[in-house]
Amino acid sequence: MKGKLSIIFATAISFFFVACQKKQYAYVQQGKVETYASTQAPKAKLSVAEATPVAVEATPVAVSEEVSTAAIANPTETFTASNDVTTPQVEALKYDEKSINAEFEKLNKLEEYVNTNEGTTLADVQETELAKDLKLDTNVTSTVAAGDLPLNIPAFWWGCVLGLVGVLVVYIVTDQDKDQTKKALYGCLVWVGVWLLWWIFVVLIGGGSFFF
Amino acid sequence: MKKLAFLVFLFSFQNSFGQEFFRLKADVSIKDKLATGAYRLTVGKVYYDKPSMGLIYKLHFPQEETIIIKDTTLYRLNKKDSLLASQTVTIMNEFSIFHLSLSGKLADYGINSGKINGVYKIEKVEKDADGRVITTWKVVEKRLLKILGKIKMANIDKKLDAIAFYDVSDKLLSQQFFKDYVNVKGVVFPQQVTQISYNSDGTQNIQQTTYKNIVIDENGQDTIYNHPIPVVALPKSGNSPKQK
């Protein structure tokens, strides 16, 4: 009787953990869980310590190092999967040259000018007609890097799939972001819980069939 | 002696086919149209050194500065080469367009080799109305099945024309288009790359990169290709930044 009660208890706990896992995943799918990109977006800007330029090679410089996760705008960047994206009405693999050109119509004149006048900086053209009507964003780093967790995988799943290694990855990559690390830790704990319960279940079943 | 000469001939013949390219330089112009309606323009030169996997941007617009991307860190230097800021990035330069082109693996996006070899497998190959070969890749790595979606590629004459990335529920995340290919010393490289990323609210970010004056395997300029990595000093002991 005692053995059967243990089995029932272990099964109930297993179902509970699996349900939690599924619920969390469902939330991610529905976009209810914030991704690292959305929570950390304002952090993407780098702090600039331009006021104290020091020869880098000669002496180590203390800089404000704002570390944030980023995926470079290169082929790897798009090996990502986000669960909170709705399908846009776009035909895949079709290049609409006209619409792309139209998007950049305003910027093309400025680009042409900068390319023909090498060495031109924003300061040179800022007050001219070329840049006057343009809402220019000068965050160069965001052009070559965009913030997100590796592979766009939510922190929970890093912990759940890779265990402590996943938690460590999230901890390092998010610059010790407590919330993200906590999510990864929850994922890790769920994985450990399920794993332990599975083995308890197996042992109890085995033991039960042995004793009864 | 004749046998030896024959062997030398064979060896040199084999080597000529297995030529390794190691450097790429180009003038680069990157235009961004953000979902907010704002624009970005970034102009300068890009240098890639394959042996060290170092990617260097020498920019002059919007301001003169250098960006070094190496070993998962991005460094920003001002025109005096002083460190402005650094940032950890989840970059894998070996999957950059530069590395893939120098390695001759851009046609399949390097999806079938390196670290991600075995993650994807061809699901379907078909031809579209324009005669392009459309290949659909599906994830086969069990642990990634619930995380990564399929990838679709369009190839023309064995050159990558477009690639589209999906999430697990087949929603389009982003796509890239590779146009105006040139062949420089045997390296096939697209002069225009357009990337469109779709946001959850239906908006999109567009980035169009144009490469000109592509130079392959340039000798010299080692100080640029292997730009010294700035040293980031640790805070002095007892001055924890968290106490500030």
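Everything quoted here is computed from the prediction, not taken from an experiment.

Rules and cut-offs
- Residues numbered from 1 in each chain as written.
- Chains lettered and ligands numbered in written order.
- Predicted model: local features only at pLDDT ≥ 70, side-chain atom pairs only at ≥ 80, totals over all residues.
- Heavy atoms only, no water.
- Helix = DSSP H or I, 4+ residues; strand = E, 2+ residues; numbered from the N terminus.
- Buried < 20%, exposed > 50% of the residue type's maximum accessible area, 1.4 Å probe, protein only.
- Contact = heavy atoms within 4.5 Å.
- Areas by Shrake-Rupley, 256 points an atom, 1.4 Å probe, with all protein chains shown as cover.
- Salt bridge = Lys/Arg side-chain N within 4 Å of Asp/Glu carboxyl O.
- Core = buried A, V, L, I, M, F, W, Y, C linked by side-chain atoms within 4.5 Å.
- Phe/Tyr/Trp six-rings, centres within 6.5 Å; stacked < 30°, edge-to-face > 60°.
- pLDDT = per-residue confidence, 0-100.
- Patch = residues over 30% accessible without salt bridge, like charges linked within 9 Å, V, L, I, M, F, W, Y side chains within 5 Å.
- Pairing = 2+ DSSP bridges.
- Expected span 1.5 Å × (residues − 1).
- Arc of directions from axis to C-beta.
- Polar contact = N/O pair within 3.5 Å; in protein donor to acceptor, adjacent residues only side chain to side chain.

A. The overall build of chain B, seen in detail. The secondary structure content of chain B amounts to 3 helices and 13 strands. Each of the 244 residues in chain B was classed as buried or not, and the buried ones make up 51%. Within chain B, residue pairs in contact and separated by at least 24 positions form 38% of the contacts whose partners lie at least 6 positions apart. A total accessible area of about 11900 Å² is found for chain B, and carbon and sulfur atoms account for 54% of it.

B. Geometry of the overall build of chain A. The helix and strand tally for chain A stands at 9 helices and 2 strands. Listing the helices and strands of chain A from first to last along the sequence gives α-α-β-α-α-α-α-α-β-α-α. Within chain A, buried positions represent 39% of all 212 residues. Contacts spanning at least 24 positions in sequence make up 70% of the contacts within chain A whose residues lie at least 6 apart. Working note: accessible area of chain A is about 12300 Å², and carbon and sulfur atoms make up 62% of it.

C. Geometry of the pattern of salt bridges. Under the counting rule described, the total for this entry stands at 14 salt bridges over all chains. Among the ionic pairs, A:Glu103 bridges to B:Lys33, the shortest N-O distance being 2.8 Å. Pair noted here: A:Glu103 is in helix 3 (residues 97–103) and B:Lys33 is in strand 1 (residues 23–33), and the two residues belong to different chains. In this structure B:Lys33 comes out as buried when scored by relative accessible area, which is 17%. As a salt-bridge pair, B:Arg76 and B:Glu65 come within 2.6 Å of each other at their nearest N and O atoms. On the criterion of sequence distance, the pair formed by B:Arg76 in strand 5 (residues 73–78) and B:Glu65 in strand 4 (residues 65–70) is long-range, its members being 11 residues apart.

D. Spatial organisation of the nonpolar core. Counting residues in hydrophobic clusters, the biggest one holds 45 residues, and the most contacted among them are B:Tyr57, B:Phe98 and B:Tyr211. Setting aside residues no more than four positions away along its own chain, B:Tyr211 makes contact with B:Ala26, B:Asp27, B:Val28, B:Val46, B:Ile97, B:Phe98, B:Phe189, B:Pro190, B:Gln191 and B:Val193. Listed in part, the 24 residues of the second largest apolar core include A:Tyr95, A:Val114, B:Phe61 and B:Ala162.

E. Structural detail: the packing of aromatic side chains. Within the structure shown, the criterion is met by 11 aromatic pairs over all chains. Residues A:Tyr95 and B:Phe177 carry aromatic rings whose centres are separated by 5.0 Å and whose planes lie at 50 degrees to one another, so their mutual orientation is tilted. On the criterion of chain membership, the pair formed by A:Tyr95 in the loop between strand 1 (71–72) and helix 3 and B:Phe177 in strand 11 (residues 172–184) is interchain, its members lying in two chains. Residue A:Tyr95 shares its accessibility class with B:Phe177, and that shared class is buried. On the basis of an interplanar angle of 20 degrees and a centroid distance of 6.5 Å, the ring pair of A:Trp191 and A:Trp195 is categorised as stacked.

F. Highlighting the confidence of the model for chain B. Taken residue by residue, chain B gives an average pLDDT of 86. The fraction at 70 or more is 85%. Note on residues 7–17 of chain B: pLDDT is under 50 here. Beyond four places in sequence and across chains, it has 0 contacts.

G. Representation of a nonpolar patch on the surface in the model. All names here are of chain A. Among the surface-exposed residues, Trp 191, Trp 195, Leu 196, Trp 198, Trp 199, Ile 200, Val 202 and Val 203 lie close enough to one another that they form a single nonpolar patch of about 830 Å² accessible area. Its location among the elements puts Trp 199 in helix 9 (residues 178–211). What makes Trp 199 partly exposed here is its relative accessible area of 45%.

H. Broad picture of the environment of B:Val140. Residues and elements named next belong to chain B. Relative to the helices and strands, Val 140 is located in the loop between strand 8 (133–139) and strand 9 (151–156). With a relative accessible area of 34%, Val 140 lands in the partly exposed category. Here Val 140 is in contact with Gly 118, Val 119, Tyr 120 and Lys 121, once residues within four sequence places are set aside.

I. Focus on the pairing of strand 6 (residues 83–88) of chain B. Residue and element names in this part refer to chain B. Within strand 6, 6 of the 6 residues are buried, which leaves it mostly tucked inside the rest of the structure. Bridging between strand 5 and strand 6 involves 5 bridges; their strand directions are antiparallel. Each bridged residue has a counterpart across the sheet, and for Arg 76 the counterpart in strand 6 is Ala 85. In sequence, strand 5 turns back onto strand 6 through a hairpin of 4 residues, with Asp 81 there showing a positive phi of about 65 degrees.

J. Representation of the side chain of A:Thr121. Locating A:Thr121 in the fold gives a position in the loop between helix 4 (105–116) and helix 5 (122–125). Apart from the residues within four sequence positions on either side, A:Thr121 is in contact with B:His60, B:Phe61, B:Pro62, B:Gln63 and B:Glu64.

K. Broad picture of helix 4 of chain A. All names here are of chain A. Counted at 1.5 Å a residue, the expected span for helix 4 with its 12 residues is 16 Å, and the 17 Å between its end C-alpha atoms agrees. Every buried residue of helix 4 is listed here: Leu 107, Leu 110, Glu 111 and Val 114. Viewed end-on, helix 4 has its buried residues packed into an arc of 105 degrees, placing them on one side of the element. Those residues of helix 4 that are exposed and aimed more than 90 degrees away from the buried face are Glu 105, Lys 109, Glu 112 and Thr 116.

L. Molecular detail of the side chain of A:Glu111. Inspection of the secondary structure assignment puts A:Glu111 in helix 4. At 3.3 Å, the side chain of A:Glu111 forms a polar contact with the side chain of B:Lys31. With residues near it in sequence (within four places) discarded, A:Glu111 still touches B:Ser29, B:Lys31, B:Leu41 and B:Thr210.

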